[in-house]
Amino acid sequence: MAILVLGGAGYIGSHTVWELCEAGRDVVVADNLQTGFRASVHPKARFYQLDIRDREALDVLFQAEKIDGVIHFAASSQVGESMQDPLKYYDNNLHGTMVLLQAMVAHGVGRIVFSSTAATYGEPERVPILETDRTLPTNTYGETKLSMERMMSWVSRAHGLRYVALRYFNACGAHPSGLIGEAHDPETHLIPIILQVPNGQRPALTIFGDDYPTPDGTCIRDYIHVTDLAQAHILALDYLLNGGENNVFNLGNGVGFSNREVVETARRVTGHPIPAKIGPRRAGDPARLVASSEKARTVLGWEPKYADLETIISTAWAWHKAHPNGYES
């Protein structure tokens with residue numbers, strides 16, 4: 001029986017596929033390649049180019065492959081864009097997941113691990129955030145992800161689907177081998193944007209807002225290495241395959257770093273001054289997001305291996321320095 005990874009040519013998806021294949025698992029990847037890259041897919045995985053909103057294409061895949069479980073990354077994920085074009089996010093994220101779940105129910109595929117987000121919490125009531133805390137998203141992206149979680153819950157009641165939602169925030173870094181890494185166009189994630197400066201691709205960095213209620217005035221985030229995230233998705237799927245019930249887990253290192261601290265660490269790693277200027281706040285950005293991952297550690301046995309920010313940025317720098325134009329180079 002195979003594992004289907006939707007969005008498996010994207011950043012976190014491709015790293016998860018890589019870990020699965022290297023562990024000897026049978027993997028099927030589906031991706032529409034709108035933001036993913038065919039070159040990032042592990043050569044041992046079987047690849048289907050399709051959009052999850054295309055029910056007919058999903059039916060063909062489920063008829064051709066014996067799928068035991070699904071890992072779902074196929075969604076739009078840019079906070080700023082979600083505030084400017086909310087209907088795109090409802091279409092791709094919510095409608096896409098609805099069509100996917102319809103196909104899973106029709107073909108008797110009953111287990112799914114879902115890539116959710118700490119953005120479901122909105123402005124947190126406390127830090128670190130617990131899974132039981134209030135969910136009140138401050139942006140469309142977080143709202144659609146929370147709605148996707150709720151959709152899975154109702155489908156579970158009606159059809160017996162079992163799911164795990166993994167809520168995490170800032171995925172970062174690159175595979176330690178340097179073979180795959182992060183490539184977005186346009187790039188919106190802080191660490192790769194910072195590294196464009198020492199790579200000669202932009203003259204300076206803009207930090208969005210320095211008047212947040214944090215020690216240095218800039219946003220604080222919990223940065224998790226992409227390989228650690230990949231391992232968590234695999235552990236969550238095995239948890240379901242072994243009879244685990246519906247669940248939600250935060251994934252984080254439990255340590256928050258401000259934008260200024262990330263820039264300073266990148267300066268040390270790259271040896272470049274990385275000039276930075278302050279710009280206006282971005283709509284929908286909470287001041288502080290740090291997740292408690294105690295539940296994932298206890299229930300799933302998850303243990304991040306790349307928790308140190310300098311190590312995270314070092315793996316990212318190795319990838320971006322060798323691939324300044326992403327997979328095109």
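Up top is the structure these notes are about.
Report on the accompanying structure. (Residues numbered from 1 in each chain as written. Predicted model: local features only at pLDDT ≥ 70, side-chain atom pairs only at ≥ 80, totals over all residues. Heavy atoms only, no water.)

**Considering the pattern of salt bridges**
For the coordinates displayed, the defined rule picks out 15 salt bridges. In this structure, Arg268 and Glu310 form a salt bridge, with 3.5 Å as the shortest nitrogen-oxygen distance. A residue pair is termed long-range when its members are at least 10 positions apart, and Arg268 in helix H8 (residues 259-270) and Glu310 in helix H10 (residues 309-322) qualify at 42 residues. Assessed through its relative accessible area of 35%, Glu310 is described here as partly exposed. (Salt bridge = Lys/Arg side-chain N within 4 Å of Asp/Glu carboxyl O. Helix = DSSP H or I, 4+ residues; strand = E, 2+ residues; numbered from the N terminus. Buried < 20%, exposed > 50% of the residue type's maximum accessible area, 1.4 Å probe, protein only.)

**Re the side chain of Ser156**
Residue position: Ser156 is located in helix H5 (residues 140-159). The class of Ser156 is buried, set by a relative accessible area of 13%. Among the polar contacts made by the side chain of Ser156, one reaches the main-chain carbonyl oxygen of Leu161 at a distance of 2.6 Å. Excluding residues that lie within four positions of it along the chain, Ser156 makes contacts with Leu161, Tyr163 and Asn246. (Polar contact = N/O pair within 3.5 Å; in protein donor to acceptor, adjacent residues only side chain to side chain. Contact = heavy atoms within 4.5 Å.)

**Regarding the sheet that holds strand S3 (residues 46-49)**
Within the open sheet, the 7 strands sit side by side as S3-S2-S1-S4-S5-S6-S11. Their pairing is parallel. Each end of this open sheet is capped by a strand with a single partner; those strands are S3 and strand S11 (247-251). Each neighbouring strand pair of the sheet contributes to a mean axis angle of 20°, computed without reference to strand direction. In the packing of H5 onto the sheet, contacts are made with strand S4 (67-72), strand S5 (111-115), strand S6 (162-168) and S11, and the angle to S6 comes to roughly 165°. The strands touched by helix H7 (residues 226-241) are strand S1 (2-6), S4, S5, S6 and S11; relative to S6, the strand with the most contacts, the crossing angle is about 160°. (Pairing = 2+ DSSP bridges. Axes fitted to C-alpha atoms, helices over the stretch in contact; angles between N-to-C directions.)

**Thoughts on H5**
For H5, built from 20 residues, the straight-helix expectation of 28 Å at 1.5 Å per residue is met to within 8% by its first-to-last C-alpha distance of 28 Å. Where H5 is buried, its residues touch S4, helix H3 (79-84), helix H4 (86-106), S5, S6 and S11. Phi turns positive one or two residues past the end of H5, at Gly160, with a value near 80°. (Expected span 1.5 Å × (residues − 1).)

**Looking at the side chain of His15**
Relative to the assigned elements, His15 resides in helix H1 (residues 11-22). The class of His15 is buried, set by a relative accessible area of 1%. Of note is the side chain of His15, whose polar atom sits 2.8 Å from the backbone oxygen of Tyr11. Once residues within four sequence positions are removed from consideration, His15 is found in contact with Ala174, His175, Ile180, Gly181, Val226, Thr227 and Ala230.

**Examining the packing of aromatic side chains**
Each aromatic ring pair is specified by the distance between its two centres and by the angle formed by the two planes. Across all of its chains, the model carries 3 aromatic pairs by this definition. Aromatic pair Tyr239 and Phe249: ring centres 6.0 Å apart, planes at 90°, arrangement edge-to-face. Here Tyr239 is found in helix H7, whereas its partner Phe249 is found in strand S11, with 10 residues between them in sequence. Given the relative accessible area of 17%, Tyr239 is considered buried. Here Trp319 and Tyr327 contribute two aromatic rings whose centre-to-centre distance is 5.1 Å and whose plane-to-plane angle is 50°, an arrangement assigned as tilted. Judged by relative accessible area, Tyr327 falls into the buried class, the value being 19%. Among the aromatic residues, those joined into a ring-pair cluster are Phe37, Trp319 and Tyr327. Over the ring of Tyr212 we find Arg281, and its NZ or CZ is 3.9 Å from the ring centre. Over the face of the ring belonging to Phe249 we find Lys295, whose NZ or CZ atom lies 5.2 Å from the ring centre. (Phe/Tyr/Trp six-rings, centres within 6.5 Å; stacked < 30°, edge-to-face > 60°. Lys NZ or Arg CZ within 6 Å of the ring centre and 35° of its normal.)

**A word on the state of the cysteines**
Summed over the entire model, instances satisfying the criterion amount to 0 disulfides. Counting only cysteine sulfurs, Cys172 is the nearest neighbor of Cys219, a cysteine outside any disulfide, at a range of 16 Å. (Disulfide = S-S within 2.5 Å.)

**Considering the packing of H1 against H7**
The interhelical angle for the contact between H1 and H7, taken along N-to-C directions, is 65°, at an axis separation of 8 Å. Crossing hand, H1 versus H7: right-handed. Contacts between H1 and H7 pair Tyr11, Ile12, His15, Thr16, Glu19 and Leu20 from the former with Val226, Thr227, Leu229, Ala230, Gln231, His233 and Ile234 from the latter. Class assignment of the residues belonging to the contact of H1 with H7 gives a composition of 7 nonpolar, 5 polar and 1 charged. (Left-handed = near helix turned anticlockwise from the far one by under 90°. Nonpolar A, V, L, I, M, F, W, Y, C, P; charged D, E, K, R; others polar.)

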